[in-house]
Amino acid sequence: MAGTRTFSIIKPDATERNLTGAVNKVIEDGGLRIVAQRRIQMTQVQAERFYGVHSERPFFGELVEFMTSGPVVVQVLEGENAVARYRDIMGATNPAEAADGTIRKLFAKSIGENSAHGSDSDENAELEIAQFFSAADIVG
Ligand code: GDP
C-alpha cells in the first residue's frame, strides 16, 4: 500500500449538483488516489451510526436528515498521510473559514451542507472504512 488510507464521503449537496467528478478532481490533484468508491443512499440507521459521536450535539437530527436526503459517494482514499492530507484538501468545516482551493471553499453551501466528509484520525478511518467496504472492494 502506498501510504495510508482515509475514508471520504461526497455529501448529498454535492451529488445533487452533479459535482462528484469535480470533487474527485480536487482529491486527485491533491495527491490522493481513490482506491474504492460506491454511490449509495444512506439509511437513517447507517447515518445515525456513522455520526454516533455527534448524537448529543444540537445539529444531530439535521445532520442525519441531510445525509439521508439524497445519494452520497463513499470512498477510500490512499496516499502519504492520507487523513491529514484529506483534511487539508477538504478545508475547514465552515466554508466561510475554508482556505482557497479546498473542496469546502469551492463547493460547500453551509457549515452543515459542506460537500465532503473525511476521517479525523487513522483509528476512525479504519472504523469508517470497515462500515462501508470489505477488503476485496479496495484496490490500491
Ligand atoms: P468535520 O470533521 O469537519 O466534518 O466536522 P465535525 O466533525 O465537527 O462535524 C461533522 C459534520 O456535522 C460537519 O461536516 C457538518 O456536516 C455537520 N455540522 C457541524 N457543525 C454543524 C452546525 O453547526 N450545524 C449543522 N447543521 N451541521 C453541522
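Please refer to the structure higher up on the page.
If you're wondering where the values come from, they're calculated on a predicted model, not measured in any experiment.

### Brief notes about the site of the ligand
As a matter of local geometry, the ligand sits amid K11, H54, F59, E62, L63, R87, T93, R104, I111, G112 and N114. In this structure, an oxygen atom belonging to the ligand sits 3.1 Å away from a side-chain N or O atom of H54. With the chains in place, 81% of the 550 Å² that the ligand exposes on its own is no longer accessible.

### So, the sheet that holds strand β4 (residues 116-118)
On the basis of which strands lie adjacent, the open sheet formed by four strands has the order β2-β3-β1-β4 and antiparallel pairing. Each having just a single partner strand, β2 (33-40) and β4 make up the two edges of the open sheet. Taken over all neighbouring pairs, the strand axes of this sheet differ in orientation by 20° on average, direction set aside. Relative to β4, strand β1 (residues 4-10) runs antiparallel, the two sharing three bridges. Paired with I10 across the two strands is A116, which belongs to β4. In this fold helix α7 (residues 122-132) packs onto β1, β2, β3 (72-79) and β4, with an angle of close to 55° to the strand it touches most, β1.

### Re the nonpolar core
Across soluble globular proteins, nonpolar side chains have a tendency to be buried as a group. Counting 21 residues, the largest nonpolar core has F7, I9, M42, M67, V74, F132 and F133 as its most contacted members. Those residues in contact with M42 that sit more than four places away from it in its chain are I9, A47, M67, T68, V72 and F132. Of all hydrophobic cores here, the second largest spans 16 residues; its members include L19, I27, L32 and L77.

### Some thoughts on helix α2 (residues 20-29)
Looking only at α2, the buried set comprises T20, V23, N24, V26 and I27. For α2, the angular spread of buried residues about the axis comes to 155°, placing them on one side. Phi for G31, located one or two positions after α2, is positive at around 100°.

### Section: the side chain of S119
In this structure, S119 sits in the loop between β4 and α7. Residue classification places S119 among the buried residues on the basis of a relative accessible area of 1%. A distance of 3.5 Å separates a polar atom in the side chain of S119 from a polar atom in the side chain of T6. Discounting chain neighbours no more than four positions away, the residues touching S119 are T6, F7, V83, R87, N124, A125 and E128.

### A closer look at the environment of Q46
Its place among the elements puts Q46 in helix α3 (residues 44-50). In this structure the C-alpha to C-alpha distance between Q46 and V64, which are 18 residues apart in sequence, comes to 9.2 Å. Q46 has contacts with Q41, Q131 and F132, leaving out every residue within four places of it along the chain.

### Considering helix α4 (residues 60-67)
Taken residue by residue, α4 has F60, L63, V64, F66 and M67 as its buried positions. With its buried residues spanning 160° around the axis, α4 presents them on a single face. Exposed side chains of α4 directed beyond 90 degrees from the buried face belong to E62 and E65. In this structure, the buried residues of α4 make contact with β1, α1 (12-16), α3 and β3.

Criteria and thresholds
- For every chain, the first residue of its written sequence is number 1, and the numbers climb from 1 along that sequence.
- Per-residue local features of the predicted model are confined to residues with pLDDT of at least 70, and side-chain atom pairs are confined, for both listing and counting, to 80 or more; whole-chain, interface and lining totals are unaffected and use all residues.
- Side-chain measures were taken over the full set of non-hydrogen atoms in the model, leaving aside hydrogen atoms and water.
- Nearness of a residue to a molecule or strand requires only that one of the residue's heavy atoms be within 4 Å of it.
- Under the rule applied, a polar contact is a pair of N or O atoms within 3.5 Å (in protein, one hydrogen donor and one hydrogen acceptor; residues adjacent in sequence only if both atoms are side-chain atoms).
- The protein chains shown are the only cover counted for residues, whose accessible areas, like all others here, come from Shrake-Rupley with a 1.4 Å probe.
- Pairing between two strands is assigned when DSSP locates at least 2 bridges connecting them.
- A run of H or I in DSSP counts as a helix once it spans at least four residues, and a run of E counts as a strand once it spans at least two, with each numbered from the N terminus.
- Axis definition: a line fit to C-alpha positions, over the contact stretch in the case of helices; interaxial angles, taken between N-to-C directions, run 0 to 180 degrees.
- Two residues qualify as a contact provided that any one of their heavy atoms is within 4.5 Å of a heavy atom in the partner residue.
- Buried Ala, Val, Leu, Ile, Met, Phe, Trp, Tyr and Cys residues that are joined via side-chain atoms within 4.5 Å together make up what is termed a nonpolar core.
- For every residue, the accessible area obtained with a 1.4 Å probe (protein chains only) is divided by the maximum for its type, and the residue is called buried under 20%, exposed over 50%, and partly exposed between those limits.
- As used here, the arc belongs to the directions running from the helix axis to the C-beta atoms.

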